[in-house]
Structure formats: C-alpha cells, structure tokens
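A look at the structure
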Amino acid sequence: MTTQAKSEQENFRPSANFPSSVWGCSFASLSFQDSEFESLCKEVEIFKEKVKDILMQSTRGLIENIEFIDILCCLGVSYYFENEIEEQLNHIFIALPTFLHENDYDLHVAALLFRILRQHGHKVTCDVFNKFKDNDGRFKKTITNDVKSLLGLYEASFLSVHGEDILDEALAFTKPYLETLAEQASPHLAEHIKNSLVWPIHQSMERLKIHQYISFYEKEESRNETLLKFAELDYNRIQLLYRQELDILSRWSGDLNVMHKYPYTRDRIVEAYVWALGCICEPQFGASRLMIAKYVQMETVLDDTYDAYGTLDELYRFTAAFERCNFDGIDDHLPGYMKYLYKDFLKLFEETENDGNEGSSLKTSYAKEMFKELTRGYIIEAQWAKNGYVPAFDDYVQNGLIVSTCDVLASAFLLGMKDVGIKEMVWIRSNPKIVNSAKLLGTLKNDIAGHEEEQKRGDSPSSVECYMKEFGVSKEKAVREIDKIFVNAWKDINEELLLQPRRVSKIILRYFLNFGRMSEFLYKFLDFYTNPSSMKDYVTKLLVDPFSI
C-alpha cells in the first residue's frame, strides 16, 4: 500500500445515517404525579394483604399451591411474597419424591412443578417426564389433545441443562403442534400460544411477559378478580415509577446534548432505559436502572465513534488517551468532538466517584477499567474494518465477549447496588458460565440481527462472515451453527442458576440471566436498538399505556 493510500484509509470517515429517535418529546406529557402514585400505593397495600391470605390458603394442597405461585410469578407480583414463596417451594421440593410416587400426576402438573422449582434454583430431575413417553421412547400422541399440558412442557423445556435429551425432544415435539393449534384455537387462546412461541417465559424480558400475561388473564373465565386487580394496580404503579426515572434520564440526556456534540450517533435514552429495566425490573433497584441507562447511552456514543465516525488515527489517539482516564489525559491532538466525549465520560465517573456511598469509589474505578477494556476491544474491531481483515471465528468471539458491553453494564449495575463489592467483581472477572454465556448472547445475537446492515455501513466483519470464511459455508449454514452456540449458552446459564451453594447472591445471578433475556428481546427479529420504530409498540406497553381498571 502506498503512503498516500494508507493516509487516505486512516483518515476515511464513514457515515452510518442511523435512524433518528422516534420519541422526541413523547414522554414530556407523561409527568409523574405524586398524588396518583400515592393513591396506587395505598390500593396495592390493601390488595397485597388479601392476596397474601390466598397464597397462605393455597398451601392446603401441593398442586393448588404451585399453581397459585405460578400465577403470582406470571402476573409480576411474586416479589411481594418472596420469603413466603421460597419457604413454600422448599417444602414442595422436599415433598416432591413422595408426591410423585403416590400420585398419578398429569403432564400439566409435572411441567409446572419442574419449571417453577427450577426457576427458583431447585434441581428437579427431568425423569418426571418419562411417564409421558410410549414404548418407542417418543412422547405420547395423546398429550397433543391438551393445550395446557403442551404449553407447560414447551415452557419447561427451556430450563434444560446439558445432557437432558428428553427436554430437547420435548421442545422439538411441542413446537409444531402448538404452531398448528395457534391457527385453530379461539382468538384469546391463539394469542397466548403465539406469545409463548415467540417469547418463552424463561428466555424473555420479564416486564413484557408480565404485560402479556395480565392481558391474557383478564379474559380468563376462571380468573381471580382480587388477584387481577392487584396485578393491574401494581403494574400501573411501577409504570409510574419507571416514568419518573425516565424523566430524570431525559433531563440528564438533555444536559448531555448528545445530538449536538455527536450528530453521527444514536440518540437512544428511551431504549437505553428499556434495556436497563429489562436487566433489573424490581421497583427497589431504581439506582441501578439509572446508572445502566446512562452507561448504555454513553457506550452507544463510544461504539458509534469507533464504528461509524472516527478515523483510524483519531481512534488510536483516543484509545491511548482513555487509558489515563483523567483530565490530564485529554490529549491536545484529539479532535474537538473526542475531547467532548472524553470529558463527558469523566463527568459520568464523577457522579459516583465521590457520592458518599460506601464502596462507590472502588466500584467507579472498576467501571473505568471496564470502559478501558471496551475501547481496546473497539480499536481491534476498527483495525479489522479499516484493513478489510476477517479474523478466525474464535478470535472474533474472544474480542466479542469484550465488546458485548456485558462487563461495562454490569459495572453500572453494581454502582447502583448496596452491599456488593470486591467479592462480586472478582466473581464476574473469573468469567463463570453464566457471565460468559450472557456475553456470547449479547455479541452473537447482535450479529445475527444486524450483520447485513452493518456490512453495508462498512463495519468490521461479524461472526457470520468470520464463520463463513473460515469454514467455507453459506450464510444460512453459519447462522445455524451459531444458533447451536445459543442453545448451549442457555444450558450453561441454567446450570449456573442451579449450583448450590451459590457463589454470589440471587440478584447478581438474575442480572446476568436478564442480560441474556434482553439480548433475545433486542435482537429477536432485527436490531431493535438501532431501529427504534420496531420497538415502539413494546415501549408503549411498558412505559406509556396503563391497564384500565
């Protein structure tokens, strides 16, 4: 390559032309009303006691108890009774062998017990499904007449770990029958089946599934009106809380002035917040949601700077300067927009560095290191893109674990949490199965959804291109092989969730489970985050439209 050609390549500035934000001032009219929120809180408290009484009464029978716990989970109100449910499930798990031996249980009950107990960390054996197979080792055709049992077995199959072939067979068996039933059932049931086929409980965003189930449950003839009203009131109450948090973020984003300073980037504060609430939705964790959303928006600017605007020379300089991560590190040779970006990151770190909360300084230092690592991952991708280099698939994946942003956003999650510190940081950096799998889902799901669009922009090669080149296969074959990685990643996540004793608290494990779920949500059909219009209906259900009560 000639010196002139090399210079032109290094100074080439791409243009991504990302879609604009679809929100504008849409949330400005949705102001937070203290009186409305307080009124909802009072009503929720009244219904909470009534529902607690029903929960305690359900312990009269094991099946009645597990079914009520399931409904509480599906309606999104189980967090109110976490201690009671944990105690009841412990009793059920202890009594389970006797129950299974002495009762002629049906598939619905078997699947429900299996799913709920596994979701709560109890390793129920998959042998409970053996009785529903025929002499040839296949699932009995008679169970296809029972929609509830089919759906139950289908949902249970997503809790499988490695070596549980019967659950892989269960998924392959139930899915085509459910697809057929979805076309034949009543509109009410058909919608429920279709939602399950697209968004299985264990692998989907929690608040999305809660909204879907409340919408389904309110049309059920057997619904408990007290429980339904409790769920709707609480959904509306939490929705108001989310709006208040989004209002805080909108003002922060306005002060940041993203599109003025970085017109090449994606203005995505609403989508960033949805990402955050998908990772941790319980109302008491607002501080973590706010930090995650801020980090998502800042990471977006950083990503677009490396992918879609900065020249290679500028990116080298920025990466080197960011290693110092202080005001003295702002290189005079950085272009103006990069100086703004550097300063905005330092302001972000200052928010938590000396906020007076115990451990904040340490956790902020950890966050800085995660962002430094991210810039090093991004510069590798930039080099690949500028040089037209397609790395080996494994090399791509190793760097992809870094640029998945999983570690960066986990550091934001920790900043908002009390009573976490070095122990959790060390555990995360040891890259246990659940963390590694969350990263794999984050980077590879993104690739499958957006690689064609990214290639048109001149981005670095995705995992799809790397696999195609290394193994000489078609795009379709590459996607199928990467899909197998997703299946194994979820099995690894499930194994970690069943480990006893736990190495970290349940909320830490749930964060990484939810990170995987958000990767499924954001990249299910296409890149929702980059193409926000495709996400608008979901955001409206989550943040705008309350349930009519």
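None of these values were measured; they are calculated from a predicted model. (Residues numbered from 1 in each chain as written. Predicted model: local features only at pLDDT ≥ 70, side-chain atom pairs only at ≥ 80, totals over all residues. Heavy atoms only, no water.)

So, the overall build of the protein chain
If you tally the helices and strands in the protein chain, you get 24 helices and zero strands. Of all 549 residues assigned to the protein chain, the portion counted as buried reaches 56%. Considering only residue pairs separated by 6 or more positions, the protein chain has 74% of its internal contacts joining residues 24 or more positions apart. Put simply, the protein chain shows about 23,800 Å² of open surface, and 49% of that area lies on carbon and sulfur atoms. The centroid of the 63 positive side-chain charges in the protein chain is displaced by 0 Å from the centroid of its 85 negative side-chain charges. (Helix = DSSP H or I, 4+ residues; strand = E, 2+ residues; numbered from the N terminus. Buried < 20%, exposed > 50% of the residue type's maximum accessible area, 1.4 Å probe, protein only. Contact = heavy atoms within 4.5 Å. Areas by Shrake-Rupley, 256 points an atom, 1.4 Å probe, with all protein chains shown as cover. Lys, Arg positive; Asp, Glu negative; His and termini not counted. Charge placed at Lys NZ, Arg CZ, Asp CG, Glu CD.)

Considering the confidence of the model for the protein chain
Mean pLDDT over the protein chain works out to 92, with 93% of the residues at or above the 70 mark. Scored below 50 in pLDDT, residues 1-10 shows seven contacts in the model against residues more than four places distant or in partner chains. (pLDDT = per-residue confidence, 0-100.)

A look at the layout of surface pockets
In this model, the second largest pocket occupies a volume close to 630 Å³. As for the second largest pocket, its lining consists of 24 residues, of which Phe158, Leu171, Lys175, Gln203 and Val487 are closest to the centre. Looking at the lining of the second largest pocket, the elements with two or more residues in it are helix 7 (165-184), helix 8 (187-198) and helix 22 (475-498). Of the residues forming the lining of the second largest pocket, the biggest block, seven residues, is contributed by helix 22. Along the lines of polarity and charge, the residues of the lining of the second largest pocket split into eleven nonpolar, five polar and eight charged. (1 Å grid on protein atoms, 1.4 Å probe; cavity = no way out; pocket = protein on both sides within 12 Å on 5 of 7 lines; lining within 4 Å. Points joined across faces, edges and corners; volume = space filled by probe spheres on them. Nonpolar A, V, L, I, M, F, W, Y, C, P; charged D, E, K, R; others polar.)

With respect to the environment of His202
Within the secondary structure, His202 is located in the loop between helix 8 and helix 9 (206-217). Residue His202 is classed as buried on the basis of its relative accessible area of 2%. Between the C-alpha atoms of His202 and Ser157, which are 45 residues apart in sequence, the distance is 9.5 Å. With sequence-adjacent residues up to four places away left out, His202 is seen in contact with Phe158, Leu159, Trp490, Asn494, Leu497, Leu513 and Arg517.

Looking at the nonpolar core
Counting residues in hydrophobic clusters, the biggest one holds 182 residues, and the most contacted among them are Phe129, Leu227, Tyr295, Phe512, Phe521 and Leu543. Those residues in contact with Leu227 that sit more than four places away from it in its chain are Val51, Phe68, Ile71, Leu72, Leu75, Val77 and Tyr217. (Core = buried A, V, L, I, M, F, W, Y, C linked by side-chain atoms within 4.5 Å.)

Let's talk about the side chain of Glu206
For Glu206, the location among the structural elements is in helix 9. Within the structure, the side chain of Glu206 is placed 3.2 Å from the side chain of Asn514, a separation counted as a polar contact. Setting aside its immediate chain neighbours within four residues, Glu206 contacts Cys281, Arg510, Asn514 and Arg517. (Polar contact = N/O pair within 3.5 Å; in protein donor to acceptor, adjacent residues only side chain to side chain.)

Let's talk about the packing of aromatic side chains
A complete count under the given rule lists 38 aromatic pairs for this structure. Seen in terms of ring centroids, Phe318 and Tyr342 are 6.1 Å apart; in terms of plane orientation they differ by 70°. Their pairing is edge-to-face. Highlighted residues: Phe318 in helix 14 (residues 312-322) and Tyr342 in helix 15 (residues 336-353), separated in sequence by 24 residues. Take Phe318 and Tyr342: they sit in the same class, and that class is buried. The ring of Tyr105 carries Lys131 above its face, with NZ or CZ at 4.2 Å from the centroid. Its guanidinium or amino end placed over the ring of Phe18, Arg266 lies 4.9 Å from that ring's centre, counting from NZ or CZ. (Phe/Tyr/Trp six-rings, centres within 6.5 Å; stacked < 30°, edge-to-face > 60°. Lys NZ or Arg CZ within 6 Å of the ring centre and 35° of its normal.)

Some thoughts on the packing of helix 22 against helix 23 (residues 506-522)
One way to put it is that helix 22 packs onto helix 23 with a least axis distance of 10 Å and a crossing angle of 160°. Judged on the interaxial angle alone, helix 23 and helix 22 are roughly antiparallel. Considering how the two elements wind past one another, helix 22 and helix 23 form a crossing that is left-handed. Two secondary-structure elements touch here, helix 22 through Trp490, Ile493, Glu496 and Leu497 and helix 23 through Leu509, Leu513, Gly516, Arg517 and Glu520. Taken together, the residues that form the contact of helix 22 with helix 23 break down as five nonpolar, one polar and three charged. (Axes fitted to C-alpha atoms, helices over the stretch in contact; angles between N-to-C directions. Parallel < 35°, antiparallel > 145°, perpendicular 65-115°, else oblique. Left-handed = near helix turned anticlockwise from the far one by under 90°.)

Notes on the environment of Phe47
With respect to the helices and strands, Phe47 occurs in helix 2 (residues 34-57). When the C-alpha atoms of Phe47 and Phe230 are compared, they prove to be 5.6 Å apart, with 183 residues separating the residues in sequence. Once residues within four sequence positions are removed from consideration, Phe47 is found in contact with Thr226, Lys229, Phe230 and Leu233.

Description of a nonpolar patch on the surface
Taken together, the side chains of Leu362, Ile422 and Val426 present a nonpolar region at the surface, about 280 Å² in accessible area. Positionally, Leu362 belongs in helix 16 (residues 360-387). Judged by relative accessible area, which is 41%, Leu362 ranks as partly exposed. (Patch = residues over 30% accessible without salt bridge, like charges linked within 9 Å, V, L, I, M, F, W, Y side chains within 5 Å. Salt bridge = Lys/Arg side-chain N within 4 Å of Asp/Glu carboxyl O.)

Quick notes on helix 2
The first and last C-alpha atoms of helix 2 sit 35 Å apart over 24 residues, in line with the 34 Å expected at 1.5 Å per residue. Listed as buried for helix 2 are Phe37, Leu40, Val44, Phe47, Lys48, Val51 and Leu55. In this structure, the buried side of helix 2 is in contact with helix 3 (62-74), helix 4 (82-102) and helix 10 (225-256). (Expected span 1.5 Å × (residues − 1).)

Thoughts on the side chain of Asp303
Take Asp303: it is sitting in helix 13 (residues 286-308). The class of Asp303 is buried, set by a relative accessible area of 15%. Beyond its immediate sequence surroundings of up to four residues, Asp303 is in contact with Arg266, Ala308 and Tyr378.

Brief notes about the pattern of salt bridges
Opposite charge on two side chains allows them to pair when their charged atoms are near. By the definition in use, this model includes 31 salt bridges. In this structure, Lys372 and Glu369 form a salt bridge, with 3.0 Å as the shortest nitrogen-oxygen distance. Note that Lys372 and Glu369 are positioned in helix 16 at a spacing of three residues, about one turn of the helix. According to the relative accessible area criterion, Lys372 is buried, its value standing at 10%. Between Asp407 and Arg429 there is a salt bridge whose closest N-O contact spans 3.3 Å. Here Asp407 is found in helix 18 (residues 406-415), whereas its partner Arg429 is found in helix 19 (residues 422-429), with 22 residues between them in sequence.

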